[in-house]
Amino acid sequence: MDLSTARNRISEVDRKLVELLNERARLSLNVGAAKRQSLKEQGEDGEPEVYVPGQEKRVFEKVRDLNQGPLSGESVCAIYREIMSASISLQSEVSVGYLGPPGTFSHQAATKRFGDSLAYMSYAKIEDVIAAVAKEEVTYGLVPIENSTFGVVVQTLDSFVNQPTVKIRAEVFMPVTQSLLSRYQLSAIRKVYSHPQAFGQSKQWLDQHLPNAARVEVSSTAKAAELAATENYAAAVSSEVCASLYHLDIVSKDITTASDNTTRFFVLGQSSDSPTGDDKTLLMFT
């Protein structure tokens, strides 16, 4: 097939894809309408849940099974993530709260889970995210619960005690790689900002390379990058994403102690999903 023919075929496929995507979107709107009608018939007020993790999982499993390549299963699922994100935004005005500012691992985990079509709201503290879900300021919230290197996120557990009406809808696992960001060379750095979890995940590297630099704990790794960008001789333990967001240099990549460093996040809402037969139960006590 010559270049011109190939491009013409691609244009025709693109036309069909757009038609099919909009057909799927219209069917998604029908699903939303059917959910509202069902609630009305049951005498219940409010909006139906538009994010159903069990159904989402089944969709991903189905498209993986249908995929014959050359696209990888991960690539197909990434495309469907955005298709479903757009469909959710059509059914209802959905907002997602996360620990900010933009660029945090919580922000990255939220977009990984919900795609780019929803509205995102940044909060300064984990407890603020959970409170926003409880007050219905946002539809869903995403918060870190534990890290494979540094353990449980205490602020999240404490907030669950204070906000007992908030429910866990799903979990997200995200590989986390910390980097040292600054406007200065390593030898000039006198102060390092970061979240306590990030300091715990990179303690060994910091002890070896910046043993005399002051370590200042802040609310998030993105807040750390924001501060490092404005102060002299300061640095941040943060993600590479924040380097471009806050115009910092990557002084050193991957300073995490463990190569498989992973953080688990919870997706929170006003209700939990219906049982699927393949679920987890969280038991909490004080």
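Reference entry: report on the structure contained in this document. (Residues numbered from 1 in each chain as written. Predicted model: local features only at pLDDT ≥ 70, side-chain atom pairs only at ≥ 80, totals over all residues. Heavy atoms only, no water.)

On to the overall build of the protein chain, then. Within the protein chain, the secondary structure is distributed over ten helices and eleven strands. The C-alpha extent of the protein chain, read off along each of the three principal axes, is 65 × 65 × 30 Å. The 286 residues of the protein chain split such that 41% are buried. Accessible surface for the protein chain amounts to roughly 15,900 Å². Of this, 52% is attributable to carbon and sulfur atoms. (Helix = DSSP H or I, 4+ residues; strand = E, 2+ residues; numbered from the N terminus. Buried < 20%, exposed > 50% of the residue type's maximum accessible area, 1.4 Å probe, protein only. Areas by Shrake-Rupley, 256 points an atom, 1.4 Å probe, with all protein chains shown as cover.)

Each pair of packed helices gets described by two things: the angle between the helix axes and the distance between those axes. Two numbers describe how helix α1 (residues 3-41) lies on helix α3 (residues 73-91): the axes approach to 9 Å, and their chain directions differ by 45°. The angle between α1 and α3 falls in the class oblique. Pair α1 / α3 crosses with right-handed handedness. Contact residues: L21, R24, A25, S28, L29, G32, K35 and R36 in α1; Y80, I83, M84, S87, L90 and Q91 in α3. (Axes fitted to C-alpha atoms, helices over the stretch in contact; angles between N-to-C directions. Parallel < 35°, antiparallel > 145°, perpendicular 65-115°, else oblique. Left-handed = near helix turned anticlockwise from the far one by under 90°. Contact = heavy atoms within 4.5 Å.)

To continue, consider the pattern of salt bridges. Counted by the stated rule, this structure contains 13 salt bridges. For the salt bridge of D278 with K57, the shortest nitrogen-to-oxygen distance reads 2.7 Å. Of the two residues, D278 is situated in the segment after β11 (262-269) and K57 in helix α2 (residues 53-66); the sequence distance between them amounts to 221 residues. Take D278: its relative accessible area is 55%, and that puts it in the exposed class. Among the residues examined, K57 registers a relative accessible area of 40% and is labelled partly exposed. What emerges from the salt-bridge pattern is a single network uniting E146, E171, R264 and K280. (Salt bridge = Lys/Arg side-chain N within 4 Å of Asp/Glu carboxyl O.)

Roughly 1,400 Å³ of volume is contained in the largest pocket. Around the largest pocket, the lining is made up of 38 residues, and of these P53, R113, R169, A170 and E171 lie nearest the centre. Mapped onto the lining of the largest pocket, the elements with two or more residues apiece are α2, α3, α4 (105-114), β5 (167-175) and β11. Per element, the largest residue contribution to the lining of the largest pocket is eight residues, and it comes from α2. Residue composition of the lining of the largest pocket, grouped by class: 15 nonpolar, six polar and 17 charged. (1 Å grid on protein atoms, 1.4 Å probe; cavity = no way out; pocket = protein on both sides within 12 Å on 5 of 7 lines; lining within 4 Å. Points joined across faces, edges and corners; volume = space filled by probe spheres on them. Nonpolar A, V, L, I, M, F, W, Y, C, P; charged D, E, K, R; others polar.)

Another point: the nonpolar core. Y51, F114, Y140, L142, F265 and V267 are the most contacted members of the largest nonpolar core, which has 18 residues in total. Secondary-structure elements contributing two or more residues to this core are α4, β3 (140-147), β5 and β11. Sort the elements by how many residues they give to this core and α4 lands first, with four residues. Formed by 15 residues, the second largest nonpolar core is a distinct cluster that contains V129, I130, V133 and V138. (Core = buried A, V, L, I, M, F, W, Y, C linked by side-chain atoms within 4.5 Å.)

By the definition in use, this model includes five aromatic pairs. Centre to centre, the rings of F114 and Y140 are 5.8 Å apart; their planes meet at 15°, and the pair counts as stacked. With F114 in helix α4 and Y140 in strand β3, this residue pair connects regions lying 26 residues apart in the sequence. Each of the two residues, F114 as well as Y140, counts as buried. A centroid spacing of 4.9 Å and a plane angle of 35° characterise the contact between Y184 and Y233, whose relative ring orientation is tilted. Taken together, the residues Y184 in the loop between β6 (179-182) and β7 (191-194) and Y233 in the loop between α9 (221-228) and β9 (234-238) connect sequence positions 49 residues apart. An aromatic cluster is present here, built from Y51, F114 and Y140 joined pairwise through their rings. (Phe/Tyr/Trp six-rings, centres within 6.5 Å; stacked < 30°, edge-to-face > 60°.)

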